[in-house]
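Chain and residue survey
Below, each chain spelled out in residue letters.
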Amino acid sequence: MKTKDFDAAFDSGLAITAHLDISKAKRVAQQPPMNPDIAAYNTYQAPADKAICDLLAQEICNHLPEAESKIWHAHPVWFLDGNPVAGYSKLKGGVRLLFWSGQTFDETGLKNEGSFKAAEARFTSVEQVNMQDLARWLGKARDIQWDYKNIVKRKGKLERLK
C-alpha cells in the first residue's frame with residue numbers, strides 16, 4: 001500500500017471512528033440517569049455481576065422511564081404508581097431479574113418464583129441477557145400488573161390492576 005493510500009484509509013477510519021463515538025455519546029446522553037443508590041449497589045458487585053446489573057438497570061430505565069427506582073429490601077426495584085414491577089438481586093449463583101407480575105406474562109424465558117405472581121430469569125454473564133426478550137418483558141411489566149402495593153391491606157390477596 002502506498003503512503004498516500006494508507007493516509008487516506010487511516011484518515012477515513014478516523015472519521016468513521018469519530019462519527020461512531022459521537023453517535024454513542026448522543027445515545028448515552030439520551031438515556032435516563034441511573035438512580036445513584038442503584039449505581040452504588042452495582043458497584044459493590046463482582047465485575048461479571050456488575051456488568052449484568054449495569055445492563056439490567058440501564059435497560060429498565062430506558063424501557064420504563066416513568067418508573068420510580070430505589071433500593072427496596074436491599075435490592076434495586078422499579079415502581080409504577082407505587083407498585084413494584086421489576087427489579088434484580090445478586091444471588092449466590094448470579095443475578096436474578098424479577099418481575100412481580102411475571103407469571104401472567106406467558107413467557108417461557110421466565111420461571112415462576114414464590115406463591116404470588118412473580119417470575120424470574122437468572123444470569124451468570126451479560127451475554128446471557130437476550131435484549132429482545134428483556135425489552136418484551138419490560139413492556140409487559142408496564143401493561144400487566146397485579147396490585148402488590150395494597151397486598152397487606154387486602155390480607156395477602158392480589159387483584160389485577162392491568
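You'll find the structure just up there.
Below you will find a few notes about this structure. Remember, it's a predicted structure, so these values are computed and weren't measured experimentally.

1. As for the packing of aromatic side chains
Applying the stated rule across the entire model yields six aromatic pairs. Relative to F79, the ring of W72 lies with its centre 5.1 Å away and its plane at 75°, an arrangement referred to as edge-to-face. Judged by centre distance (6.1 Å) and plane angle (45°), the rings of W72 and W100 are tilted. Note that W72 is positioned in strand β1 (residues 68-72) and W100 in the loop between β4 (94-99) and β5 (111-112), a separation of 28 residues in sequence.

2. Some points on the nonpolar core
Counting 29 residues, the largest nonpolar core has L56, Y88 and F99 as the members making the most contacts within it. Contributing elements (two or more residues each) for this core: α2 (36-43), α3 (47-63), β2 (75-80), β3 (83-91), β4, β6 (119-123) and α4 (131-143). Counting residues per element, this core draws most heavily on α3, at six residues. Core analysis: the next-biggest nonpolar cluster, separate from the first, contains five residues, V77, F79, L98 and A118 among them.

3. Looking at the pairing of β1
Taken together, the five bridges between β1 and β2 define a ladder with antiparallel strand orientation. Counted as the bridge partner of S69 is W78 from β2. Connecting β1 to the next strand, β2, in antiparallel fashion are two residues, including H73 with a positive phi near 55°.

4. Side note on α3
Between the first and last C-alpha of α3 there are 24 Å, a value that for 17 residues agrees with the 24 Å anticipated at 1.5 Å per step. Looking at the buried positions of α3, the neighbouring elements they touch are α2, β2, β3, β4, β6 and α4.

Basis of the calculations
- Note on numbering: residues in each chain are counted from 1, in written sequence order.
- With the structure being a predicted model, the display of local features is reserved for residues of pLDDT at least 70 and the display and counting of side-chain atom pairs for 80 or more, all residues being used for whole-chain, interface and lining totals.
- Based on all heavy atoms of the structure, the side-chain values leave hydrogens and waters out of the count.
- Ring geometry is summarised as follows: Phe, Tyr and Trp rings, the Trp one being its six-membered ring, pair when their centres sit within 6.5 Å, and such pairs are stacked at plane angles under 30 degrees, edge-to-face over 60 and tilted between the two.
- Labels follow the DSSP assignment, with helices taken as runs of H or I lasting at least four residues and strands as runs of E lasting at least two, numbered in each case from the N terminus.
- Residues grouped as a nonpolar core are buried Ala, Val, Leu, Ile, Met, Phe, Trp, Tyr and Cys residues, joined through side-chain atoms within 4.5 Å.
- Exposed residues in this analysis have more than 50% of their type's maximum accessible area, buried residues have under 20%, and partly exposed residues fall in between, with area computed by a 1.4 Å probe over protein chains only.
- Paired strands, as defined in this entry, are two strands with at least two bridges between them according to DSSP.
- Multiplying 1.5 Å by the helix residue count minus one yields the expected span of that helix.
- A contact between two residues is defined here by any heavy atoms of the two lying within 4.5 Å.

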